[in-house]
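Below are the chains, spelled out letter by letter.
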Amino acid sequence: MNKIEEKIKKAETRIFKAVFPNTVNHYDTLFGGTAMHMMDEVAFIAATRFSRQRMVTVSSDKIDFTVPIPAGTIVELVGHIIHIGNTSLKVQVDIFIEQMYEEGREKAISGTFTLVAIDEDKKPTKILKE
């Protein structure tokens, strides 16, 4: 495994959350905006852990909501680097759902976020890969 692959592996970010009633919509499922907020946070953490630079989100690509996430479940958000450019990188973020009192898990939401490294003047700067 080379240095870049090792850095990518070390930057993988996992966060677990409980889906409480204050985060759901009128269907008692996780509100889409809340899911996107959590995904963006995980993308930011993964990008920062990889680069150790100031990172800002510049776009979110297609986000697929394939399985509703009911209140009273546990979700795991997993973010990993899938592409590294000169000043930007892409982070794939998946949300997996687990019932609290049952085994197993299922992918519920998936999306890609692009973040850019910025300098002290908030201008794009080269991503430090080594």
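Just so we're clear, the structure is a prediction, and the values are computed from it rather than from any experiment. (Residues numbered from 1 in each chain as written. Predicted model: local features only at pLDDT ≥ 70, side-chain atom pairs only at ≥ 80, totals over all residues. Heavy atoms only, no water.)

Asks: So what about the overall build of the protein? Which residues, and what values?
Replies: Within the protein, the regular secondary structure consists of two helices and five strands. In the protein, the succession of α and β elements from N to C terminus is α-β-α-β-β-β-β. Seen through its C-alpha atoms, the protein measures out along the principal axes to roughly 45 × 35 × 20 Å. Counting only residues that meet the buried cut, the protein has 38% of its 130 residues in that class. A fraction of 70% describes how many contacts in the protein between residues 6 or more apart in sequence connect residues 24 or more apart. Carbon and sulfur atoms provide 54% of the accessible area of the protein, an area that totals close to 7,700 Å². With 17 positive and 18 negative side-chain charges, the protein shows a spacing of 8 Å between the two charge centroids. (Helix = DSSP H or I, 4+ residues; strand = E, 2+ residues; numbered from the N terminus. Buried < 20%, exposed > 50% of the residue type's maximum accessible area, 1.4 Å probe, protein only. Contact = heavy atoms within 4.5 Å. Areas by Shrake-Rupley, 256 points an atom, 1.4 Å probe, with all protein chains shown as cover. Lys, Arg positive; Asp, Glu negative; His and termini not counted. Charge placed at Lys NZ, Arg CZ, Asp CG, Glu CD.)

Asks: Describe the UniProt feature "domain: HotDog ACOT-type" (unreviewed entry) in the protein, naming the residues involved and giving the relevant values.
Replies: Residues annotated by UniProt as "domain: HotDog ACOT-type" (unreviewed entry) correspond here to residues 9-121. Between the end C-alpha atoms of residues 9-121 the distance is 30 Å, and the span holds 20% helix and 49% strand. (UniProt positions renumbered as here; feature names shortened; annotations may be inferred.)

Asks: Could you give an account of the side chain of Gln53, naming the residues involved and the relevant values?
Replies: Take Gln53: it is sitting in the loop between helix H2 (32-51) and strand S2 (54-65). A relative accessible area of 13% places Gln53 in the buried class. Apart from the residues lying within four places of it in its own chain, the contact partners of Gln53 are Thr48, Ala117, Thr125, Lys126, Ile127 and Leu128.

Asks: Describe the sheet that holds strand S4 (residues 88-99), naming the residues involved and giving the relevant values.
Replies: Overall, antiparallel pairing links the five strands, which are arranged S1-S3-S4-S5-S2 in an open sheet. The sheet is open, and its two edges are formed by strand S1 (13-18) and S2, each paired on a single side. With strand direction ignored, the average angle separating the axes of adjacent strands in the sheet is 25 degrees. The pairing of S4 with strand S5 (residues 106-118) spans 10 bridges and is antiparallel. Of the residues in S5, the one forming a bridge with Val93 is Gly111. (Pairing = 2+ DSSP bridges. Axes fitted to C-alpha atoms, helices over the stretch in contact; angles between N-to-C directions.)

Asks: So what about the packing of aromatic side chains? Which residues, and what values?
Replies: The final tally for this structure, using the stated rule, is zero aromatic pairs. A cation over an aromatic ring shows up here: Lys7 above the ring of Phe50, its NZ or CZ 4.8 Å from the ring centre. In this structure, Arg105 packs its charged tip against the face of Phe96, placed 3.8 Å from the ring centre. (Phe/Tyr/Trp six-rings, centres within 6.5 Å; stacked < 30°, edge-to-face > 60°. Lys NZ or Arg CZ within 6 Å of the ring centre and 35° of its normal.)

Asks: For the pairing of S4, give the residues involved together with the corresponding values.
Replies: Across 11 bridges, the pairing between strand S3 (residues 73-84) and S4 is antiparallel. Looking across to S4, one finds that Gly79 is bridged to Val93. Here S3 folds back onto S4 in antiparallel fashion, the turn holding three residues. What sits between the antiparallel neighbours S4 and S5 is a turn of six residues, in which Gly104 has the positive phi angle 100 degrees.

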